[in-house]
Amino acid sequence: MIDLHAHTSESDGSLSPVDLIKLAVESGLEALAITDHDTFAGYDQAVPAARESSLELVCGIELSTKHQLQTVHLLGYFLHGAPTLEFRNWILKLQESRKERNHELLHKLQSCGFDLNIAEATSIARSQLGRPHIAELMLAKGYVSSLQHAFDDYLGENGKCYVARQEPLLTNAVAKIIAAGGIPSLAHPGRISSDLELIEYIVHQMQQTGLCALEVYHSEHGREQIAVYESLARELRIGITGGSDFHGSSKPGVKLGTGNKGDLSIPISVLYQLRAVHRKYAFPRQEQSPPQQI
Ligand code: AMP
Ligand code: ZN
Ligand code: FE
Ligand code: FE
């Protein structure tokens with residue numbers, strides 16, 4: 001069994017990279033991808049611990065992108081280890097836009113009368129301060145009754161203090177991942193829309209720009225959805241990815257490997273097939289050249 005979608009405390013998960021590796025080994029996982037939001041810090045720290053175990057660690061990332069006014073999450077998998085310096089530098093730029101958003105958001109929260117500052121919020125987070133950490137701080141100070149309350153009333157898209165972040169276009173992020181030797185996979189399509197035709201349209205459209213995988217298995221996808229996404233991926237001849245989207249105690253219902261109903265079970269063949277997709281994209285000329293006419 002494998003899990004290709006998990007977060008560490010370097011983004012908004014609760015477990016340190018080393019503890020996540022320990023849990024993956026204890027859970028009997030054969031492979032694990034660390035897919036932190038906008039950072040490779042968790043993956044980088046987990047590499048030595050994974051090397052000492054039988055677990056195969058896959059380098060991944062999850063990016064928030066814009067597609068027709070909607071925020072769409074995109075996963076990137078680097079099957080041969082960490083990506084190019086150029087890609088890492090691009091990620092650093094994304095982190096800058098997050099910092100700017102955080103400052104503006106905290107400023108708005110202060111204007112609303114909350115006693116919150118960037119230093120306090122940063123002390124909760126590690127390399128990536130995000131809205132979930134700010135929600136945690138608001139909860140700890142008794143300003144909200146739950147994390148969801150913080151999002152609904154203040155931090156989320158419909159909240160009073162919402163600040164939009166500069167997000168790269170989905171097409172641009174797909175191109176960047178491809179150029180860095182990675183595989184872009186559209187994350188949790190179930191969260192984008194319940195309209196399958198729309199998902200089909202987006203995937204088909206994005207395939208023209210290099211999208212080559214779809215996250216079929218996810219904690220929030222029901223059995224029927226999984227079947228539908230799987231047949232869509234097969235029909236479009238793109239790769240399949242899947243994972244629990246584990247965040248530790250930040251999302252307590254979701255278990256590593258098995259998801260939130262305990263029924264997620266992703267075979268290692270999914271990773272083997274992803275490798276085949278990678279070979280096809282890495283060496284397209286050999287694979288796609290027509291047979292020689294004699
Ligand atoms: P950030 O990357 O700082 O913009 O935070 C994004 C994260 O905040 C997402 O990955 C979710 O975990 C969480 N989040 C965003 N919107 C909501 C919402 N409306 N309700 C609950 N959690 C949310
Ligand atoms: Zn997250
Ligand atoms: Fe996501
Ligand atoms: Fe995620």
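Refer to the structure above for everything that follows.
Basis of the calculations
Residues numbered from 1 in each chain as written. Chains lettered and ligands numbered in written order. Predicted model: local features only at pLDDT ≥ 70, side-chain atom pairs only at ≥ 80, totals over all residues. Heavy atoms only, no water. Helix = DSSP H or I, 4+ residues; strand = E, 2+ residues; numbered from the N terminus. Rg over C-alpha atoms; globule rule 2.2 N^0.38 Å. Buried < 20%, exposed > 50% of the residue type's maximum accessible area, 1.4 Å probe, protein only. Contact = heavy atoms within 4.5 Å. Areas by Shrake-Rupley, 256 points an atom, 1.4 Å probe, with all protein chains shown as cover. Lys, Arg positive; Asp, Glu negative; His and termini not counted. Charge placed at Lys NZ, Arg CZ, Asp CG, Glu CD. Phe/Tyr/Trp six-rings, centres within 6.5 Å; stacked < 30°, edge-to-face > 60°. Donors = N, O, S within 2.8 Å, 3.2 Å for Na, K, Ca; no water. Tetrahedral: all angles 85-135°; square planar, octahedral: opposite > 155°, others 65-115°. Near = heavy atom within 4 Å. Polar contact = N/O pair within 3.5 Å; in protein donor to acceptor, adjacent residues only side chain to side chain. Pairing = 2+ DSSP bridges. Axes fitted to C-alpha atoms, helices over the stretch in contact; angles between N-to-C directions.

Caption draft 1: Structural detail: the overall build of the chain. Looking only at helices and strands, the chain has twelve helices and seven strands in total. For the chain, whose C-alpha radius of gyration is 19 Å, the value lies close to the compact-globule estimate of 19 Å for 294 residues. The C-alpha extent of the chain, read off along each of the three principal axes, is 80 × 40 × 40 Å. In the chain, which comprises 294 residues, the share counted as buried stands at 50%. When contacts within the chain are restricted to residue pairs at least 6 apart in sequence, long-range pairs at least 24 apart make up 71% of them. With the model as given, the accessible surface of the chain reaches about 14100 Å², and the carbon-plus-sulfur share is 52%. In the chain, which carries 26 positive and 34 negative side-chain charges, the distance between the mean positions of the two groups comes to 3 Å.

Caption draft 2: Layout of the packing of aromatic side chains. Scanning the model with the defined rule gives six aromatic pairs in all. Consider the rings of Phe87 and Trp90, whose centres lie 5.7 Å apart with planes at 45°: the pair is tilted. Here Phe87 pairs with Trp90, and both are found in helix H3 (residues 85–111), just three residues apart, close to one helical turn. Each member of the pair, Phe87 as well as Trp90, is classed as buried.

Caption draft 3: Seen up close, the coordination of the iron ion (ligand 4). Within the first shell, the iron ion (ligand 4) binds the protein through His5 (NE2), His7 (NE2), Glu62 (OE) and Asp245 (OD), at distances of 2.1 to 2.2 Å. Taken together, the four donor atoms coordinating the iron ion (ligand 4) span angles of 77 to 166° at the metal, a pattern that classifies the geometry as irregular. Mapping the donors of the iron ion (ligand 4) onto the primary sequence yields the spacing H-x1-H-x54-E-x182-D. Distance-wise, the zinc ion (ligand 2) is placed 4.2 Å from the iron ion (ligand 4). In this pair, His5 sits in strand E1 (residues 2–6) while Glu62 sits in strand E3 (residues 56–67), placing the two residues 57 residues apart along the sequence. Take His5 and Glu62: they sit in the same class, and that class is buried.

Caption draft 4: Looking closely at the site of ligand 1. With respect to spatial proximity, the complete set of residues near ligand 1 consists of Asp12, His37, Arg98, Arg101, Gly130, Arg131, Pro132, Gln148, Phe151 and Lys251. Between Arg131 and ligand 1, the recorded distance is 2.8 Å, taken from a backbone N or O atom to an oxygen atom. Contact between ligand 1 and Gln148: a nitrogen atom at 3.1 Å from a side-chain N or O atom of the residue. When the free accessible area of ligand 1 is taken as 500 Å², the share hidden by the protein chains comes to 74%.

Caption draft 5: Structural detail: the sheet that holds strand E7 (residues 239–243). The mixed open sheet is built from seven strands, whose spatial order is E1-E2-E3-E4-E5-E6-E7. A single partner strand is all that each edge strand has here, and the edge strands are E1 and E7. Averaged over all pairs of adjacent strands, the angle between strand axes in this sheet comes to 30°, irrespective of strand direction. When strand E6 (residues 213–218) meets E7, the two strands line up parallel, connected through five bridges. Bridged to His218 within E7 is Gly243. In this fold helix H1 (residues 17–26) packs onto E1, strand E2 (31–34) and E3, with an angle of close to 155° to the strand it touches most, E2.

Caption draft 6: Structural detail: the coordination of the iron ion (ligand 3). In this structure, Glu62 (OE), His73 (ND1) and His188 (NE2) serve as the protein donors to the iron ion (ligand 3), at separations of 2.0 to 2.2 Å. As a motif over one chain, the donors of the iron ion (ligand 3) read E-x10-H-x114-H. Between the iron ion (ligand 3) and the zinc ion (ligand 2), a spacing of 5.7 Å is present. On the criterion of sequence distance, the pair formed by Glu62 in strand E3 and His188 in the loop between strand E5 (183–186) and helix H8 (189–192) is long-range, its members being 126 residues apart. Look at Glu62 and you get buried, because its relative accessible area is 1%. The class of His188 is buried, set by a relative accessible area of 4%.

Purely spatial values, then, with no claim about function.
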